[in-house]
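Chain residues, written in single-letter form:
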Amino acid sequence: QAAAGAGHAGAQLGVLGTESLGAKVKFWWPLDEAWYQGMFLEYDPLRVRHPIKYDDGDVEIIPLWAPHQLIRLLNKPEEWQQQLAKSKPKIDQAKKHAEENHQMN
């Protein structure tokens, strides 16, 4: 919470928990020297982490409050729930497909 109070964007999103679902963000990857865009679609309250689903389909769980995390918010908080509602059916369908494939193997 101290990092959030100091203005760290990732920490500010992290303390919101489920309220930040639907937030579109960009993360800086220093080794690639590039920004990658994704969205918060889930929240893990036990680990206090937000899995990030990147636009390329990759999913990563990172500590948003880490001092080295550079994060840019791309949409307004009032848009988050609408964005989440648009994306959720696609995510649910992908999870169902993955479960069906796992059962077949």
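Residues numbered from 1 in each chain as written. Predicted model: local features only at pLDDT ≥ 70, side-chain atom pairs only at ≥ 80, totals over all residues. Heavy atoms only, no water.

(A) The arrangement of the sheet that holds strand β2 (residues 34–40) in detail. Strand order in the open sheet formed by 5 strands is β4-β3-β2-β1-β5, and the pairing between neighbours is antiparallel. The open sheet has two edge strands with one neighbour each: β4 (59–62) and β5 (71–73). Here the strands of the sheet are splayed against their neighbours by 40 degrees on average, with no regard to which way each runs. The pairing of strand β1 (residues 24–29) with β2 spans 6 bridges and is classified as antiparallel. (Pairing = 2+ DSSP bridges. Helix = DSSP H or I, 4+ residues; strand = E, 2+ residues; numbered from the N terminus. Axes fitted to C-alpha atoms, helices over the stretch in contact; angles between N-to-C directions.)

(B) Representation of the pairing of β1 within the structure. Counted along the chain from β1 to the antiparallel partner β2, the turn is 4 residues long, and its residue Glu33 has a positive phi close to 50 degrees. One ladder, built from 3 bridges, connects β1 with β5; its direction is antiparallel. Bridged to Val25 within β5 is Leu73.

(C) Main features of the packing of aromatic side chains. Scanning the model with the defined rule gives 4 aromatic pairs in all. Judged by centre distance (6.2 Å) and plane angle (70 degrees), the ring pair of Phe27 and Tyr54 falls under edge-to-face. Remark: Tyr54 occurs in strand β3 (residues 50–54) and Phe27 occurs in strand β1; sequence separation between them is 27 residues. Residue classification places Phe27 among the buried residues on the basis of a relative accessible area of 1%. Aromatic side chains Trp29 and Tyr54 sit 6.1 Å apart centroid to centroid with 75 degrees between the ring planes, which places their arrangement in the edge-to-face category. A residue pair is termed long-range when its members are at least 10 positions apart, and Trp29 in strand β1 and Tyr54 in strand β3 qualify at 25 residues. Grouping aromatic residues by their ring pairs yields a cluster made of Phe27, Trp29, Tyr36 and Tyr54. (Phe/Tyr/Trp six-rings, centres within 6.5 Å; stacked < 30°, edge-to-face > 60°. Buried < 20%, exposed > 50% of the residue type's maximum accessible area, 1.4 Å probe, protein only.)

(D) A look at the nonpolar core. Ranked by size, the top nonpolar core spans 15 residues in total, and within it Leu13, Val25, Phe27, Phe40, Ile52, Leu64 and Ile71 carry the most contacts. Looking at this core, the elements with two or more residues in it are β1, β2, β3 and α3 (80–104). Setting aside residues up to four positions removed in sequence, Val25 forms contacts with Leu13, Tyr36, Gln37, Gly38, Phe40, Ile71, Arg72, Leu73 and Leu74. (Core = buried A, V, L, I, M, F, W, Y, C linked by side-chain atoms within 4.5 Å. Contact = heavy atoms within 4.5 Å.)

(E) Quick look at the confidence of the model for the protein. When the pLDDT values of the protein are averaged, the result is 77; 75% of them are 70 or greater. Highest mean pLDDT in the protein belongs to β2 (92); lowest belongs to helix α1 (residues 2–5) (45). Here residues 2–6 scores under 50 on pLDDT; set against residues more than four positions off or in separate chains, the count is 6 contacts. (pLDDT = per-residue confidence, 0-100.)

(F) Focus on the pairing of β4. Pairing of β3 with β4, which is carried by 4 bridges, proceeds in the antiparallel orientation. Residue pairing across strands places Lys53 opposite Val59, the latter belonging to β4. The loop that links β3 with its antiparallel partner β4 comprises 4 residues; one of these, Gly57, has a positive phi angle of about 100 degrees.

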